[in-house]
Amino acid sequence: MIIKNKWYLYVTEFFAGMSVMAVELGASRLLAPYFSSSQIVWTIIIGTIMIAMALGNIYGGRMADKNPSPDRLYRRMIFAAVWIAAIPVLGKYIILGISALLIFSVSSNFLIWAAFAACMIIFVFPLFLLGTVTPSLVKYTVDSLEDSGKTVGMLNAFNTIGSIIGTFVPTFVTIPAFGTSVTFLVFAGILLLLALIYFISTKKRCVSLVSGIILFVLCCFGGFSDSFAFWETNLLYEGESVYNYLQVKEDKENVILSTNVLFGVQSVLKKDADLSGMYYDYMLAAPMLAGAEEKEKTDVLVLGNGTGTFAAQCRKFFPRSQVEGVEIDEKITALAKDYFQMPNDVKVTTYDGRAYLNAIDKTYDVILVDAFQDITIPFQMSSVEFFRLVKSHLKKDGVMAVNLNMRGESKGSINEYLSDTIGAVFENVYTIDVPNYTNRALYAFDSQEAMRRFEQGIADESEGEWKELMRTIRRDMSPYEAGSHIMTDDKAPVELLGMQVIDSLIKNEVEYYRRIYEEEGFQGLLGRL
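Engineer: Would you mind going over unusual backbone geometry in detail, with residue names and values included?
Structural biologist: Although it is not a glycine, Gln341 sits at a positive phi angle of roughly 55°. With respect to the helices, strands and loops of the structure, Gln341 is situated in the loop between α13 (330-339) and β7 (347-349). Given a relative accessible area of 63%, Gln341 falls into the exposed group. Even without being a glycine, Asn436 presents a positive backbone phi close to 70°. With respect to the helices and strands, Asn436 occurs in the loop between β10 (428-433) and β11 (440-445).

Engineer: So what's going on with the side chain of Asp281? Which residues, and what values?
Structural biologist: Examined against the element boundaries, Asp281 turns out to sit in helix α10 (residues 279-283). Buried charged residue Asp281 carries no salt bridge. Nearest counter-charge: Lys270, at 8.1 Å. Separated by 2.8 Å, the side chains of Asp281 and Gln313 make a polar contact.

Engineer: Quick one: what's the story with the sheet that holds strand β3 (residues 254-258), residue by residue and with numbers?
Structural biologist: One open sheet accounts for four strands, arranged β1-β2-β3-β4; its pairing is antiparallel. Unpaired on one side and paired on the other, β1 (235-240) and β4 (267-270) mark the two borders of the sheet. Strand-to-strand, the axes of this sheet are offset by a mean angle of 5°, without reference to chain direction. Relative to β4, β3 runs antiparallel, the two being bridged by four bridges. If you follow Leu257 over to β4, its bridge partner there is Ser267.

Engineer: Explain the packing of aromatic side chains to me, and be specific about the residues and the numbers.
Structural biologist: In the structure shown here, the tally under the stated rule is 16 aromatic pairs. For the ring pair Phe14 and Phe15, a centre distance of 4.9 Å and an interplane angle of 85° mean the geometry is edge-to-face. Between the aromatic rings of Phe168 and Phe172, the centroid separation amounts to 6.1 Å while the plane-to-plane angle is 20°, which identifies the pairing as stacked. Placement of both Phe168 and Phe172 in helix α7 (residues 148-178) is noted, with a separation of four residues, approximately one turn of the helix. Three or more aromatic residues link up through ring pairs in this structure, and these residues are Tyr8, Tyr74, Tyr198 and Phe199. A cation sits over an aromatic face here: Lys391 above Phe426, 5.6 Å from the ring centre.

Engineer: Residue-level account of α13, with values.
Structural biologist: Listed in full, the buried residues belonging to α13 are Ile332, Thr333, Leu335 and Ala336. One face of α13 carries all of its buried residues, which in axial projection span an arc of 160°. Structural note: α13 exposes Glu330, Lys337 and Asp338 on the side pointing more than 90 degrees away from its buried face. Where α13 is buried, its residues meet β1, β2 (245-250), β3 and β7. For α13, the side-chain oxygen to backbone nitrogen distance between the N-cap and Lys331 is 3.0 Å, and the N-cap itself is Asp329. Of the residues flanking the end of α13, it is Gln341, one or two places downstream, whose phi is positive at about 55°.

Criteria and thresholds
Residues numbered from 1 in each chain as written. Predicted model: local features only at pLDDT ≥ 70, side-chain atom pairs only at ≥ 80, totals over all residues. Heavy atoms only, no water. Helix = DSSP H or I, 4+ residues; strand = E, 2+ residues; numbered from the N terminus. Buried < 20%, exposed > 50% of the residue type's maximum accessible area, 1.4 Å probe, protein only. Lys, Arg positive; Asp, Glu negative; His and termini not counted. Salt bridge = Lys/Arg side-chain N within 4 Å of Asp/Glu carboxyl O. Polar contact = N/O pair within 3.5 Å; in protein donor to acceptor, adjacent residues only side chain to side chain. Pairing = 2+ DSSP bridges. Axes fitted to C-alpha atoms, helices over the stretch in contact; angles between N-to-C directions. Phe/Tyr/Trp six-rings, centres within 6.5 Å; stacked < 30°, edge-to-face > 60°. Lys NZ or Arg CZ within 6 Å of the ring centre and 35° of its normal. Arc of directions from axis to C-beta. Contact = heavy atoms within 4.5 Å.

Here it is, written out as structure tokens:
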């Protein structure tokens, strides 16, 4: 009988460990388009999974002592497999349902509570069942106290090796190649296959196995979809890369890239307009400050090139500029060429922005820092050490521009921290808020000639929308008095600071509908939507 073959039990342990890690990584990709993939969300995922596994260990050990039949273990694996297979079918609806419920009932830390509730509902039960595997297998494999240490050690080794492989395979193979949905289905199928082999070899009838196979097949047809924004009807592209969920949609005026279903626009192409109407236009002040109109050539580096909106604008309004981009996600660069008309002469390097600066010696007239990880800023590109590195790659009269994506008005906001940190590195810091958006543009430089060059560039009588915008920027930009909130490589709490701003934005957006809900109830709310 197969249960007497310890190697099959070791194989079961191996694939159970692999499946746990695959589900954990799949969880991050399922939640990221809605809640981001920040350290906070990862903490919630890991924490809830550890809770599930701990409870599963306790329950599995007790059940193995009470009834040592392995039939129950493999039945639990069937239930876990079916649940995991159902995640691609139902998971996104559960997430949106939780978000809709909590957005009207939670006044702070919405993303934290929503992500935690989603994890508890979607992932705790199947991982609780997988947590019962190890203590159950210990019961079946230990023959005597003399070899118990060796046997338990072998089981843990197989579990660990499976977990290691289960970490790499989804990240580098199944998710980039086939998507998150297929990844869940693949590992659910593996668990179901283990149970199938067991029951066939033992010649035992199992109604739950037959039901599990039928439900798994149905989930394969119903869950074989990469669509996270299933309500959208105008998507040109939707997919995933190693780093991001990616969505390209189109309307009459724009082509838009978003890396998050619920929040934000990462890049935009205006079909019939020179200016985007967004923060990219405000970044054009940086080449003006650097004297681009006076120079024969202006070297521009964009850290976080995205789909090349700013690069294209630089090439249009400053024809003598030579633009380079750094973008960590090569799929975004491919989308830039396919959908966003990024100029072919813009060289884009697939690399982390800070690592790229560490690897080169070249200096630039303008460096734009526009790097974001979903809706948060990579901490390594927010510290005083990073901005010193940027400064070392600027020419003597060079200018750094930074897109502060989430404008916070409260004391101690993320933008105050970033501005104070930049002010500790550069002598002159100016900021301006972008109307109708949450962005704030920041310009930093040491040259005393920068403002003179800017004023000289807008002093001519030439007309045009972009020159009028430059005059508006010069009128409304204000010097920033740096404070003491300095972020370092050792301490840069960008996730928590970013969450505070997001909470404020969400609260302002839903306050109107929350008031209707409180006064008129659900029917009244439906009538206003």
